[in-house]
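Remarks on the overall topology
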Amino acid sequence: MQKKQPVDGRSTVLHCGTQTQTHTLQQTVLEDIAFPVEFAWGAATAAYQIEEGWNADGKGPNVWDIFTHQGGDGVFKNQTGDVACGSYTLWEEDLKCIKQLGLTHYCFSLSWSRLLPDGTTGFINQKGYI
């Protein structure tokens, strides 16, 4: 099977041997891909990419905080993860979205610098996990 560029904005042309078929993406997904009934749908996120609150509630700086706050040419348009997607304060909205999508699994990460702000187990930030 050879995939060709879309003919219109929504169609994909599939060449199977000598036959050519045109499917919309939705048709391709519904007709060509079958997931078992017991298939578990889920999502995953990474703390730095979604969290925000880079210096809230006792969080210490992590390597990305330090690197992006230095400025210069190392980071596109001097962007940081300070705000990101706002999941630190909007977590209840995130859970609503997860439920609305019908996901049964969600894997997330916590920033180590939020849990262990000084980088050691000498101080465990209670606000980092409660």
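Residues numbered from 1 in each chain as written. Predicted model: local features only at pLDDT ≥ 70, side-chain atom pairs only at ≥ 80, totals over all residues. Heavy atoms only, no water.

Looking now at the environment of Leu101. Residue position: Leu101 is located in helix α4 (residues 87-101). Assessed through its relative accessible area of 65%, Leu101 is described here as exposed. Separated by 60 residues in the primary sequence, Leu101 and Trp41 place their C-alpha atoms 9.1 Å from one another. (Helix = DSSP H or I, 4+ residues; strand = E, 2+ residues; numbered from the N terminus. Buried < 20%, exposed > 50% of the residue type's maximum accessible area, 1.4 Å probe, protein only.)

Empty space within the largest pocket amounts to approximately 490 Å³. Forming the boundary of the largest pocket are 18 residues, of which Ser87, Tyr88, Trp91, Phe108 and Leu110 lie nearest the centre. Listing elements by their share of the lining of the largest pocket, those giving two or more residues are α2 (47-50) and α4. Take the lining of the largest pocket: its biggest share by element is six residues, from α4. Of the residues that constitute the lining of the largest pocket, the class distribution is eleven nonpolar, three polar and four charged. (1 Å grid on protein atoms, 1.4 Å probe; cavity = no way out; pocket = protein on both sides within 12 Å on 5 of 7 lines; lining within 4 Å. Points joined across faces, edges and corners; volume = space filled by probe spheres on them. Nonpolar A, V, L, I, M, F, W, Y, C, P; charged D, E, K, R; others polar.)

Here we take up a nonpolar patch on the surface. A cluster of nonpolar residues, Ile33, Phe35, Phe39 and Trp41, forms a patch on the protein surface that exposes about 400 Å² of accessible area. By the element assignment, Trp41 lies in the loop between α1 (25-32) and β4 (42-44). A residue is classified by how much of its surface remains accessible, and Trp41, at 45% relative accessible area, is partly exposed. (Patch = residues over 30% accessible without salt bridge, like charges linked within 9 Å, V, L, I, M, F, W, Y side chains within 5 Å. Areas by Shrake-Rupley, 256 points an atom, 1.4 Å probe, with all protein chains shown as cover. Salt bridge = Lys/Arg side-chain N within 4 Å of Asp/Glu carboxyl O.)

To continue, consider α4. For α4, with 15 residues, the first-to-last C-alpha span of 17 Å runs short of the 21 Å given by 1.5 Å per residue. The largest bend along α4 measures about 40 degrees and falls at Glu93. Directly after α4, the chain includes Gly102, whose backbone phi takes a positive value near 80 degrees. (Expected span 1.5 Å × (residues − 1). Bend = angle between axes of the 7 residues up to and from the residue.)

Moving on to the environment of Asp65. Tracing the sequence through the fold places Asp65 in helix α3 (residues 63-69). A C-alpha to C-alpha distance of 7.3 Å links Asp65 and Gly81, two positions 16 residues apart in sequence. A distance of 2.6 Å separates the side chain of Asp65 from the side chain of Lys59, its partner in a polar contact. (Polar contact = N/O pair within 3.5 Å; in protein donor to acceptor, adjacent residues only side chain to side chain.)

So, about the packing of aromatic side chains. Here the structure, examined in full by the defined rule, presents six aromatic pairs. Judged by centre distance (4.8 Å) and plane angle (65 degrees), the ring pair of Phe39 and Trp41 falls under edge-to-face. Within the aromatic cluster, the residues linked to one another by ring pairs are Phe35, Phe39 and Trp41. (Phe/Tyr/Trp six-rings, centres within 6.5 Å; stacked < 30°, edge-to-face > 60°.)

The next point concerns the pattern of salt bridges. Evaluation of the coordinates by the stated rule reveals three salt bridges. Ionic pairing is found between Asp65 and Lys59, a salt bridge with its closest N-O pair at 2.6 Å. What makes Asp65 buried here is its relative accessible area of 2%. The salt bridge partner of Lys96 is Glu93, with a shortest N-O separation of 3.4 Å. Here Lys96 pairs with Glu93, and both are found in helix α4, just three residues apart, close to one helical turn.

Of note, Val75 is situated in the loop between α3 and α4. Given the relative accessible area of 18%, Val75 is considered buried.

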